[in-house]
Amino acid sequence: NAGVTQTPKFQVLKTGQSMTLQCAQDMNHEYMSWYRQDPGMGLRLIHYSVGAGITDQGEVPNGYNVSRSTTEDFPLRLLSAAPSQTSVYFCASSYGGTGNNEQFFGPGTRLTVL
Amino acid sequence: KQEVTQIPAALSVPEGENLVLNCSFTDSAIYNLQWFRQDPGKGLTSLLLIQSSQREQTSGRLNASLDKSSGRSTLYIAASQPGDSATYLCAALANQAGTALIFGKGTTLSVSS
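**Student:** Hey, could you go over the packing of aromatic side chains for me, with residue numbers and the actual values?
**Tutor:** This model, assessed by the stated rule, comprises 6 aromatic pairs over all chains. The interplanar angle of 80° and the centroid separation of 5.9 Å between the aromatic rings of Phe105(A) and Phe103(B) together place this pair among those described as edge-to-face. Highlighted residues: Phe105(A) in strand β10 (residues 104-105) and Phe103(B) in strand β10 (residues 101-103), drawn from two different chains. The pair formed by Phe105(A) and Phe103(B) is uniform in burial state, with each residue classed as buried. Their ring planes at 35° and their centres at 5.7 Å tell us that Phe36(B) and Phe103(B) sit as a pair that is tilted. Placement of Phe36(B) in strand β4 (residues 32-38) and of Phe103(B) in strand β10 is noted, with a sequence separation of 67 residues between them. Of the residues examined, Phe103(B) reaches a relative accessible area of 8% and is grouped as buried. The ring of Phe74(A) has Arg68(A) lying over it, and the distance from NZ or CZ to the ring centre is 6.0 Å.

This is the structure in structure tokens:
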């Protein structure tokens, strides 16, 4: 199994540009999430999905859109990039629920917005 | 609002030492607690998950404990090695849907040979 994969690994954007960060998992996990990691702030939840067709907002959703058309994929869209969105983005997946709900993370995408 | 704190922020030890990393959370109503390791410029690697009904979990030289009533978890690393140098993050699962982890800011460990 490849686990959780993310593309691209690095990206530089200009203010106002749009892009999509890709995330895929091959573990048949229902739950998928996007986090951003910033120095001094730790990891914060952006959006999450509990299954295909179902998404919801996390702690810091502004400026980001998500959709979940398949179990495997959960892309994160930046419609109009801003310098405040410079960060490292991590995708995570899990079986869900509150029991043995171990979450697995991808390698991250480092985004710089100029 | 759940908050997770890790102390100390950084720790340096000589090789072979046993050490404890601390994690505290403000709301005892957590569903599980997960410890991760993060190497510089890399993603998060899951180390141990402790469900709310459990008191501890062990994997090799690692042992994690959970005390919900006091709002604390510890990660014990036995016989530390230079390869253990990394940032260690704890995260509390704060919602019943099982979707939102609340992270501490981490403890950066350096083990010298």
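Having seen the model, we can carry on.
**Student:** Run through the sheet that holds strand β7 (residues 62-67) of chain B, naming residues and quoting values.
**Tutor:** Residues and elements named next belong to chain B. Taking strand neighbours across the sheet as the criterion, the 5 strands line up as β1-β3-β8-β7-β6 in an open arrangement whose pairing is antiparallel. Bordering the open sheet on either side are β1 (4-7) and β6 (56-59), each of which pairs with just one other strand. Strand-to-strand, the axes of this sheet are offset by a mean angle of 15°, without reference to chain direction. As judged from the 4 bridges shared by β1 and strand β3 (residues 19-25), these two strands associate in the antiparallel manner. Counted as the bridge partner of Gln6 is Cys23 from β3.

**Student:** Residue-level account of the side chain of Ser73(B), with values.
**Tutor:** All names here are of chain B. Along the chain, the position of Ser73 falls in strand β8 (residues 72-77). Separated by 3.1 Å, the side chains of Ser73 and Trp35 make a polar contact. Among the polar contacts listed, one links the side chain of Ser73 to the backbone oxygen of Ser65, at a separation of 2.6 Å. The contact partners of Ser73, leaving out residues within four places of it in the chain, are Leu21, Asn22, Cys23, Phe25, Leu33, Trp35, Ile50, Ser65 and Leu66.

**Student:** Could you give me a rundown of the state of the cysteines, with the residues and numbers involved?
**Tutor:** As used here, a disulfide is simply a covalent bond connecting the sulfur atoms of two cysteines. Here the structure, examined in full by the defined rule, presents 2 disulfides over all chains. With a sulfur-sulfur separation of 1.8 Å, Cys23(A) is cross-linked through a disulfide to Cys91(A). Disulfide Cys23(A)-Cys91(A): the torsion about the S-S bond is -70°, which places it as left-handed. Pair noted here: Cys23(A) is in strand β3 (residues 19-25) and Cys91(A) is in strand β9 (residues 87-94), with a separation of 68 residues, a long-range link. Just as Cys23(A) is buried, Cys91(A) falls in that class too. The disulfide partner of Cys23(B) is Cys90(B), and the gap between their sulfur atoms is 2.0 Å. Between Cys23(B) and Cys90(B) the sulfur-sulfur dihedral comes to about 80°; the bridge is accordingly right-handed. Of the two residues, Cys23(B) sits in strand β3 while Cys90(B) sits in strand β9 (residues 86-93), which places them 67 residues apart along the sequence. Cys90(B) matches Cys23(B) in its accessibility class, with the two residues each being buried.

**Student:** With reference to specific residues and values, describe the side chain of Ser46(B).
**Tutor:** Among the secondary structure elements, Ser46(B) is positioned in strand β5 (residues 44-51). In terms of polar contacts, Ser46(B) uses its side chain to reach the side chain of Glu102(A), at 2.6 Å. Of note is the side chain of Ser46(B), whose polar atom sits 2.9 Å from the side chain of Gln34(B). Once you skip the residues sitting within four places of it in the chain, Ser46(B) turns out to touch Glu102(A), Gln103(A), Gln34(B), Trp35(B) and Phe36(B).

Thresholds applied
Residues numbered from 1 in each chain as written. Chains lettered and ligands numbered in written order. Predicted model: local features only at pLDDT ≥ 70, side-chain atom pairs only at ≥ 80, totals over all residues. Heavy atoms only, no water. Phe/Tyr/Trp six-rings, centres within 6.5 Å; stacked < 30°, edge-to-face > 60°. Helix = DSSP H or I, 4+ residues; strand = E, 2+ residues; numbered from the N terminus. Buried < 20%, exposed > 50% of the residue type's maximum accessible area, 1.4 Å probe, protein only. Lys NZ or Arg CZ within 6 Å of the ring centre and 35° of its normal. Pairing = 2+ DSSP bridges. Axes fitted to C-alpha atoms, helices over the stretch in contact; angles between N-to-C directions. Polar contact = N/O pair within 3.5 Å; in protein donor to acceptor, adjacent residues only side chain to side chain. Contact = heavy atoms within 4.5 Å. Disulfide = S-S within 2.5 Å.

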